[in-house]
Amino acid sequence: MDSRTKGKTVMEVGGDGVAVITLINPPVNSLSFDVLYNLKSNYEEALSRNDVKAIVITGAKGKFSGGFDISGFSEIQKGTMKEPKVGFISIDIITDLLEAARKPSVAAIDGLALGGGLELSMACHARISTPGAQLGLPELQLGVIPGFGGTQRLPRLVGLTKALEMILTSKPVRAEEGHSLGLIDAVVPSAELLTTARRWALDIVERRKPWITSLLKTDKLPPLGEAREILKFARGQTRKQAPNMKHPLMCLDALEMGIVSGPRVGLEKEAEVGSQVISLDTTKGLIHVFFSQRGTVKVPGVTDRGLMPRKIKKVAIIGGGLMGSGIATALILSNYPVILKEVNEKFLEAGIGRVKANLQSRVRKGSMSKEKFEKTMSLLKGSLDYESFRDVDMVIEAVIENISLKQQIFADLEKYCPQHCILASNTSTIDLNKIGERTKSQDRIVGAHFFSPAHVMPLLEIVRTNHTSAQVIVDLLDVGKKIKKTPVVVGNCTGFAVNRMFFPYTQAAMFLVERGADPYLIDSAVSKFGMPMGPFRLCDLVGFGVAIATATQFIENFPERTYKSMIIPLMQEDKRAGEATRKGFYLYDDKRKAKPDPELKKYIEKARSISGANVDPKLVKLSEKEIIEMTFFPVVNEACRVFAEGIAVKAADLDIAAIMGMGFPPYRGGIMFWADSIGSKYIYSRLDEWSKTYGDFFKPCAFLAERGSKGAPLSAPVEQARSRL
Ligand SMILES: CCCCCCCCCCC[C@H](O)CC(=O)SCCNC(=O)CCNC(=O)[C@H](O)C(C)(C)COP(=O)(O)OP(=O)(O)OC[C@H]1O[C@@H](n2cnc3c(N)ncnc32)[C@H](O)[C@@H]1OP(=O)(O)O
């Protein structure tokens, strides 16, 4: 393959008159322009050759295709690649050349057919698949729409309601379900895939099997009135669930156009809309997230050294509280045998009970069988001492945030665990060097910071100190992958990456409220921006105990930029500690529904009198845009510090950390990507102005000042970062 080209197709014509065209573009045979143009040439040749009666399309190495080459979108967005004529691929190649050909085509699907891959197969006249293959149109998740005819062919093959479900949720179906839906014509073992597809293609030629043109099918479409009702409902749901995104509604427009005015007009609308969505900011954000998420496992100086992950056969967890039990759940769910250690029988029983409850909730929801529950639970053993730690490969300490307790535990671990054992802490804020102060084995100390609930939340912050060995990081990255987490490797400091970014966010909110802003309006503006909830609702959820413990760490370590508000401590004193006590910034009913509390004013006023803050008329009347800027620009400022200090290796890692750890909206691309979409100059000037009026909490850091003065992107690599890694 030419090093400049991205993938290819090869065609082999058999003695049976079947031309087999294989898509080749590792690792997932994505449909790059090179692959698509090659496919076109192969088709033209196959159609013109007298020795070819029918065509089979398949993918190399057990994968049909993962869809259109997503990097093609980025290149079109950046202007480094020219867009083809609108509809050139979906109409000229896939519809008019392939589907309308006078020779039939059969798709032989192994492994996966996603996005453009499934769309290509739907234009074939039959689809044969191997068991378990994944079939789906996940485009909306990327900010684009199915653009190779999927909005037209899928409803015609599986019916409108199922097609909408598959497209709007981006969730794939397995081949067996695809078969029962009519998407797949036969499911056969891998070894029989090509022979069956060849025979099927010849059977179509001989009219022993039907020659089906998906685009012209109408039997699965509901009557027009009913279709309109279904689409109206889908639009309503989409507006509710994705209020800040345009592309799902644009996709529905293309789909509806095909139903109302016919598939050809539908294809034209799809092509037009498909081209428009590429330049949406939300699409740019989501595509950036796709690659950034996969980039977190590429750590310079660690994953490029040829190290292989060691096998982790057994893990011990210290502490069966909320975090420890969640981590244990995540591990046993991925078949790791786990020892859970507690200090006494009562706590141990409670810890094991929590793990059990986590799994039972899956059984109740039907996502886990009773047998699987028993088998999974059997991987968990309780312990009250360290004797059973003698053959563990990794320990994760998950006790309360108390430095001397953690130091004692790590000193004990060194005595009992084997020499190779990884010693990890789930601390969320404490400097790992302090935790390991009484330990000699510095190279195997690492942070494994999970987010609560640990068996659900997707992020794992892997924290390395100056001494942590590359091997330990590689091992933990592998464990992270196996337990289906997205790992982000960060350097050691108070709060690491996520909590360092989180802290200014809640602090800014407290600052604004003390100066007269309405906390409920702040929460509402932040939710509209796309966060799962506002900062006050979040503090209630986390609980004031945790909020105060975290704040204490920050006040100690970053006093110059900490805004010390007494609102939370004052409420805590009155035994209102958040959702768990049914009172915090909000009041909670039996169903934990939050409602504003008029009494909150009392605490705000008291806190104001302690801090000496005055109500500022400008801040009382902030617009939603101003609220977002005043709460998130301090987060950008902190993210810049984290990046400049080398705590994060790449800005994109901070984007993923913000999305998966803080709930930052993915369609905004993450904190640094979003900041760059606004511009460093503007962010710097706003922070600078606020710092002059309101103090050092808002003071832009040197990195932001430097990049802001030039208007340079914040996400550009840091030269000679003062790396703490
Ligand atoms: C004028 C108009 C202009 C129009 C432009 C042209 C028209 C465009 C129309 C597009 C029509 C089409 O409808 C759009 C699409 O098809 S969009 C793509 C849809 N497909 C997907 O969303 C699938 C995305 N991929 C995945 O979900 C997973 O990668 C997976 C395929 C399930 C495999 O998962 P896993 O085994 O866990 O492996 P990784 O996720 O780690 O991926 C391995 C590497 O492969 C890269 N990858 C995966 N998919 C793609 C892809 N579609 N394009 C490019 N690259 C892909 C991934 O980045 C990993 O790479 P690295 O190893 O380098 O990190």
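The rules behind each value
- Residues numbered from 1 in each chain as written.
- Predicted model: local features only at pLDDT ≥ 70, side-chain atom pairs only at ≥ 80, totals over all residues.
- Heavy atoms only, no water.
- Phe/Tyr/Trp six-rings, centres within 6.5 Å; stacked < 30°, edge-to-face > 60°.
- Helix = DSSP H or I, 4+ residues; strand = E, 2+ residues; numbered from the N terminus.
- Buried < 20%, exposed > 50% of the residue type's maximum accessible area, 1.4 Å probe, protein only.
- Lys NZ or Arg CZ within 6 Å of the ring centre and 35° of its normal.
- Core = buried A, V, L, I, M, F, W, Y, C linked by side-chain atoms within 4.5 Å.
- Contact = heavy atoms within 4.5 Å.
- Near = heavy atom within 4 Å.
- Areas by Shrake-Rupley, 256 points an atom, 1.4 Å probe, with all protein chains shown as cover.
- Nonpolar A, V, L, I, M, F, W, Y, C, P; charged D, E, K, R; others polar.
- Salt bridge = Lys/Arg side-chain N within 4 Å of Asp/Glu carboxyl O.
- UniProt positions renumbered as here; feature names shortened; annotations may be inferred.
- Expected span 1.5 Å × (residues − 1).
- Arc of directions from axis to C-beta.
- Polar contact = N/O pair within 3.5 Å; in protein donor to acceptor, adjacent residues only side chain to side chain.

### Observations regarding the packing of aromatic side chains
Right, so step 1: Throughout the structure, instances matching the rule amount to 32 aromatic pairs.
Right, so step 2: Measuring from ring centre to ring centre gives 5.8 Å for Phe664 and Trp674, while their planes differ by 65 degrees; the resulting arrangement is edge-to-face. Of this pair, Phe664 sits in the loop between helix H27 (651–662) and helix H28 (671–678) while Trp674 sits in helix H28, and the two are 10 residues apart along the sequence.
Right, so step 3: Note on Trp674: relative accessible area 7%, which makes it buried.
Right, so step 4: Against the face of Trp200 rests Lys209, its NZ or CZ located 4.3 Å from the ring centre.
Right, so step 5: Between Lys341 and the ring centre of Tyr386, over which it is positioned, the NZ or CZ distance is 4.8 Å.

### Points about the nonpolar core
Right, so step 1: Core analysis: the largest hydrophobic core is formed by 99 residues, its most contacted members being Phe389, Phe585, Phe632, Leu654 and Ile671.
Right, so step 2: Broken down by element, the residue count for this core peaks at 11 residues, all from helix H26 (residues 624–644).
Right, so step 3: The contact partners of Phe632, leaving out residues within four places of it in the chain, are Tyr505, Val526, Phe529, Met531, Phe664, Ile671 and Trp674.
Right, so step 4: Counting residues in each nonpolar core, the second largest holds 69 residues, with Ile21, Leu31, Tyr43 and Leu160 among its members.

### Quick look at the site of the ligand
Right, so step 1: Near the ligand lie 32 residues; those nearest to it are Gly116, Glu119, Glu139, Arg294 and Lys298.
Right, so step 2: For the ligand, the protein covers 75% of the area, taking 1,200 Å² as the surface of the free molecule.
Right, so step 3: Taken together, the elements giving at least two residues each to the shell around the ligand come down to helix H2 (70–78), strand E5 (112–114), helix H4 (116–123) and helix H12 (281–295).
Right, so step 4: Residues that form the shell around the ligand fall into these classes: 19 nonpolar, 7 polar and 6 charged.

### As for the pattern of salt bridges
Right, so step 1: If you walk through the whole model with that rule in mind, you get 40 salt bridges.
Right, so step 2: In this structure, Glu45 engages Arg49 in a salt bridge whose closest nitrogen and oxygen atoms are separated by 2.8 Å.
Right, so step 3: Judged by relative accessible area, Arg49 falls into the partly exposed class, the value being 27%.
Right, so step 4: Look at the salt bridges and you will find they share partners, linking Arg500, Glu560, Arg561, Glu638, Arg641 and Glu645 into a network.

### Here we look at the UniProt feature "transmembrane region" (unreviewed entry) in the chain
Right, so step 1: In this numbering, the UniProt entry assigns the feature "transmembrane region" (unreviewed entry) to residues 315–336.
Right, so step 2: With 55% helix and 18% strand, residues 315–336 has end C-alpha atoms that lie 7 Å from one another.

### Observations regarding helix H14 (residues 345–365)
Right, so step 1: Between the first and last C-alpha of H14 there are 30 Å, a value that for 21 residues agrees with the 30 Å anticipated at 1.5 Å per step.
Right, so step 2: Turning to H14, its buried residues number three or more, namely Leu348, Gly351, Val355, Asn358 and Leu359. Buried positions in H14, seen along its axis, are confined to an arc of 90 degrees and lie on one side of it. In H14, the exposed positions angled more than 90 degrees off the buried face are occupied by Glu345, Lys346, Glu349, Arg364 and Lys365.
Right, so step 3: For H14, the N-terminal capping position is held by Asn344, with its side-chain oxygen 3.2 Å away from the main-chain nitrogen of Lys346.
Right, so step 4: One or two residues past the end of H14 sits Gly366, with phi positive at roughly 85 degrees.

### Some words on the environment of Ala454
Right, so step 1: Of note, Ala454 is situated in the loop between strand E15 (445–450) and strand E16 (459–464).
Right, so step 2: Taking relative accessible area as the criterion, Ala454 reaches 1% and is therefore assigned buried.
Right, so step 3: Taking the C-alpha atoms as reference, Ala454 lies 8.2 Å from Ser325; in sequence the two are 129 residues apart.
Right, so step 4: Apart from the residues lying within four places of it in its own chain, the contact partners of Ala454 are Met323, Gly326, Ile327, Ala330 and Lys485.

### Points about unusual backbone geometry
Right, so step 1: For the bond from Pro26 to Pro27, the omega torsion is 5 degrees, close enough to zero to count as cis.
Right, so step 2: Turning to its location among the elements, Pro27 is positioned in the loop between strand E2 (18–24) and helix H1 (33–48).
Right, so step 3: We note that Lys484 has phi near 60 degrees; this positive angle belongs to a residue other than glycine.
Right, so step 4: Mapped onto the elements of the fold, Lys484 is located in the loop between helix H18 (470–482) and strand E17 (486–491).
Right, so step 5: Relative accessible area serves as the criterion here: at 67%, Lys484 is assigned to the exposed category.
Right, so step 6: Even without glycine at this site, Phe496 takes up a positive phi of about 50 degrees.
Right, so step 7: Inspection of the secondary structure puts Phe496 in the loop between E17 and helix H19 (498–514).

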